[in-house]
Amino acid sequence: DFGWGKDGRPRDNFARGIELRAKATLLAEGCRGSLSAQVMAKFGLRDGAQPQTYGLGIKEVWEVAPEKHVPGRVWHTIGHPLDARTYGGGFLYHMSGGRVALGLVVGLDYEDPYLSPYQEFQRLKSHPKIREVLEGGQCLQYGARTLIEGGWQSLPRLAFPGGALLGCAAGTLNAAKIKGTHTAMKSGMVAADEVARELEAGKDAIDLSGFDEAFRGSWAGQELRAARNFRPGFGQGLWLGAANAALEGWVLRGNAPWTLSHHGADHERLRPASEFQPREYPKPDGEVTFDLPTSLYRSGTNHDHHQPAHLKLRDAATPEAVNLPVYAGPESRYCPAGVYEYVAGEGDDAEPKLQINAQNCLHCKACDIKDPTQNIEWTVPEGGGGPAYAVM
């Protein structure tokens, strides 16, 4: 539907949604798709699969000085600015037109509730080698999105009655290559073959149960199987993870006689704030590093303020009862858009209350993944809302 008001009543522009029916429905929503999550729950597609794990990618596109631009140059980093217990890495790509894209991916299985992925990205840009490229340039755009990294062990069953899951909706990204477009395309091709076969047979009810086995047996499925131990290897920290990655990639080449397991869902990994010290991040300089409102402006994100908030709490009391006292309000830090903030209540003895600024949302879905109590539900907002990426 389109045009509901915050009060639950239809507005002047209200229009009913359209119900689409098809013999086969192929869901290719990307990471943490809303319909895909409902389908997986309804049909138990995740039964027998290991928990999925995710990363949060934060990215900027810059226009840099001509003498600093080298078309085609690629940097990948690991470690800095993250500690040895936190999985993640950075990238910097020299694109055409004097532009570079740079970013940081932080594994959402991190433990420290005081960690801020946005502030860690600012620290990455402060590294001398990266600062040297950016100084004198102009930041054009900012954005964020989650990546699905669980791989082979975390793949659900890919087919359900009347349809199938494709690409990152299922989890076909190869974390070792930091690539998923090729495997997503292959999943669509395999699914198309299965659908065409059923249609040619003239069946009234299309059966895609063979898609799961067909994809896993394809070169894309076998690529994921060969890379299956890369991501869980970093569950033991940076150094053991790097050693495991070298062993798997250069010696065993995906043929290890073992399969490593993931260490639980990302929201279960967050530990109480009492076990850590608050982090003091440097103030932005306004040239290479920026405050969050400045970056958010560059995303172009916007939502109709009259629509119901698309970020919902299953229990309105949980943030103040659990998240704030136990985890020091981690949603105010893991969100790269400043959607969640604790504000002072009214009166002298009033406790801080969680305020949700849904209009700031970048649709990264980190909150839906990382909230330790799984109390936050990301739902689809009204069409046309969200970030306005042009050069990302």
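Structure: above.
Here the structure is a predicted model, which means the values were calculated and not measured.

1. Re the overall build of the protein chain
Check the secondary structure of the protein chain and you find 14 helices and 14 strands. Dimensions of the protein chain, computed from C-alpha atoms along their principal axes, come out at roughly 70 × 60 × 45 Å. Out of the 392 residues in the protein chain, the part that is buried amounts to 49%. Within the protein chain, residue pairs in contact and separated by at least 24 positions form 73% of the contacts whose partners lie at least 6 positions apart. In the structure as shown, the protein chain presents an accessible area of about 19100 Å², 53% of it carried by carbon and sulfur atoms. Treating the 41 positive side-chain charges of the protein chain as one cloud and the 47 negative ones as another, the clouds have centres 6 Å apart.

2. Structural notes on helix H1 (residues 34-43)
Taken together, the buried positions of H1 are occupied by Ser-34, Ser-36, Val-39 and Met-40. Looking at the residues trailing H1, positive phi occurs at Gly-44, about 60°.

3. A short note on the pattern of salt bridges
In this structure the tally under the stated criterion is 20 salt bridges. Note that Glu-60 is salt-bridged to Lys-125, the shortest N-O span being 3.0 Å. Residue Glu-60 is located in strand E4 (residues 54-63), and its partner Lys-125 is located in helix H2 (residues 117-125); the two are separated by 65 residues in the primary sequence. Grouping residues by exposure puts Glu-60 and Lys-125 together as buried. One network of salt bridges, in which partners are shared, links Asp-83, Asp-112, Glu-120, Arg-123 and Arg-279.

4. What about the packing of helix H5 (residues 181-200) against helix H7 (residues 219-226)?
Two elements in contact, H5 and H7, have axes separated by 9 Å at closest approach and are oriented at 140°. When the axis of H5 is compared with that of H7, the two are oblique. Note on element contacts: H7 touches H5 through Trp-219, Ala-220 and Glu-223, opposite His-182, Thr-183 and Lys-186. Split by residue class, the contact of H5 with H7 holds 2 nonpolar, 2 polar and 2 charged.

5. Looking at the sheet that holds strand E9 (residues 159-160)
In space, the 3 strands of this open sheet follow the order E3-E10-E9, with mixed pairing throughout. Both outer strands of the open sheet, strand E3 (25-27) and E9, are each paired with one neighbouring strand and no more. Pairing of E9 with strand E10 (residues 163-165), which is carried by 2 bridges, proceeds in the antiparallel orientation. Along E10, the bridge assignment pairs Ala-159 with Ala-164. H1 contacts E3, E9 and E10 of the sheet and is inclined by roughly 115° relative to E3.

6. Side note on the side chain of Thr-318
The residue Thr-318 is located in helix H12 (residues 318-327) in this model. What makes Thr-318 buried here is its relative accessible area of 12%.

Conventions we followed
- Residues numbered from 1 in each chain as written.
- Predicted model: local features only at pLDDT ≥ 70, side-chain atom pairs only at ≥ 80, totals over all residues.
- Heavy atoms only, no water.
- Helix = DSSP H or I, 4+ residues; strand = E, 2+ residues; numbered from the N terminus.
- Buried < 20%, exposed > 50% of the residue type's maximum accessible area, 1.4 Å probe, protein only.
- Contact = heavy atoms within 4.5 Å.
- Areas by Shrake-Rupley, 256 points an atom, 1.4 Å probe, with all protein chains shown as cover.
- Lys, Arg positive; Asp, Glu negative; His and termini not counted.
- Charge placed at Lys NZ, Arg CZ, Asp CG, Glu CD.
- Salt bridge = Lys/Arg side-chain N within 4 Å of Asp/Glu carboxyl O.
- Axes fitted to C-alpha atoms, helices over the stretch in contact; angles between N-to-C directions.
- Parallel < 35°, antiparallel > 145°, perpendicular 65-115°, else oblique.
- Nonpolar A, V, L, I, M, F, W, Y, C, P; charged D, E, K, R; others polar.
- Pairing = 2+ DSSP bridges.

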